[in-house]
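A structural walkthrough
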Amino acid sequence: MVDDRSDISTGPTPAASPRADGAGTARPVLEGPDIARVLTRIAHEIVERAKGADDVVLLGIPTRGVFLARRLADKLAEITGRAAPVGSLDITMYRDDLRLHPPRALARTDIPGDGVDGRLVVLVDDVLFSGRTIRAALDALGDIGRPRAVQLAVLVDRGHRELPIRADYVGKNLPTSLRETVKVLLAEEDGRDSVLLGQKDPGPRAGHAADG
Ligand SMILES: O=P(O)(O)OC[C@H]1O[C@H](OP(=O)(O)OP(=O)(O)O)[C@H](O)[C@@H]1O
Ligand SMILES: O=c1cc[nH]c(=O)[nH]1
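Per an unreviewed UniProt entry, the protein carries the name Bifunctional protein PyrR and comes from Actinacidiphila reveromycinica. For the protein, the Catalytic activity (unreviewed entry) comment in UniProt is given as "UMP + diphosphate = 5-phospho-alpha-D-ribose 1-diphosphate + uracil". Taken directly from UniProt, the Sequence similarities (unreviewed entry) text for the protein runs: "Belongs to the purine/pyrimidine phosphoribosyltransferase family. PyrR subfamily."

Turning next to the UniProt feature "short sequence motif: PRPP-binding" (unreviewed entry) in the protein. Feature annotation in UniProt places "short sequence motif: PRPP-binding" (unreviewed entry) on residues 121-133, given in this structure's numbering. Helix makes up 15% of residues 121-133 and strand 62%, with an end-to-end C-alpha separation of 16 Å.

Lining the immediate environment of ligand 2, one finds V127, F129, R158, T181 and V182. Within the contact set of ligand 2, an oxygen atom lies 2.5 Å away from a side-chain nitrogen or oxygen of R158. Against a free-state accessible area of 240 Å², the protein chains account for coverage of 77% of ligand 2. For the shell around ligand 2, the residue count by class is three nonpolar, one polar and one charged.

Topologically, E162 is positioned in the loop between strand 5 (149-157) and strand 6 (169-173). The spacing of E162 and S130 is 32 residues in sequence and 4.8 Å in space, taken between C-alpha atoms.

Calculation rules
Residues numbered from 1 in each chain as written. Chains lettered and ligands numbered in written order. Predicted model: local features only at pLDDT ≥ 70, side-chain atom pairs only at ≥ 80, totals over all residues. Heavy atoms only, no water. UniProt positions renumbered as here; feature names shortened; annotations may be inferred. Helix = DSSP H or I, 4+ residues; strand = E, 2+ residues; numbered from the N terminus. Near = heavy atom within 4 Å. Polar contact = N/O pair within 3.5 Å; in protein donor to acceptor, adjacent residues only side chain to side chain. Areas by Shrake-Rupley, 256 points an atom, 1.4 Å probe, with all protein chains shown as cover. Nonpolar A, V, L, I, M, F, W, Y, C, P; charged D, E, K, R; others polar.

See the structure below:
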């Protein structure tokens with residue numbers, strides 16, 4: 001099920017102000033309480049669809065998907081009273097644009113002790129855009145084990161898919177133009193929670209496949 005609700009109230013849009021983190025011209029579309037609320041909703045949706053979430057394993061995609069997966073695991077534990085295994089899945093070596101970009105540092109793959117065989121794996125990421133990161137994640141997962149099913153939870157779906165991939169759980173559908181950027185900030189990595197919609201720097205790069 002694609003959740004196409006984009007009814008998160010973000011309140012009045014504060015005026016853009018210059019920021020050291022480069023988010024100066026961006027405007028927030030979700031703030032901390034909104035993010036907490038949508039994660040709570042997604043956790044309830046996972047429990048409902050998985051009929052209790054007994055065999056759920058959450059795997060976050062670095063960077064920020066890992067923090068979101070941990071937050072979802074905490075919320076699942078609050079709802080079900082059981083700890084959900086949570087880990088991370090690095091997709092760097094599975095990207096289809098490795099030859100087009102300078103090498104990226106590898107991130108951590110950390111699979112919970114009981115593995116993924118026969119489990120319901122919920123991949124977690126912050127932004128869904130072209131879908132190439134998730135394609136790579138499915139390849140990476142295939143080298144680790146054979147889940148009984150794989151689902152996808154994302155905080156923001158900004159559209160512009162280049163592959164037949166969709167999310168099962170969506171925090172916010174955010175229609176965007178290709179001239180825009182979506183930046184997710186999370187307290188664990190960035191010191192605060194926010195989703196910022198900004199304008200792409202005008203530059204020589206064309207297309208968007210290389211952005212993912
Ligand atoms: O659907 P796609 O076009 O693949 O884009 C989505 C991906 O892009 C961003 O990751 P990025 O590669 O920028 O790495 P980061 O998470 O470390 O910032 C984002 O976190 C998603 O993982
Ligand atoms: O705008 C974008 C595109 C891909 N990934 C992001 O995190 N933001």
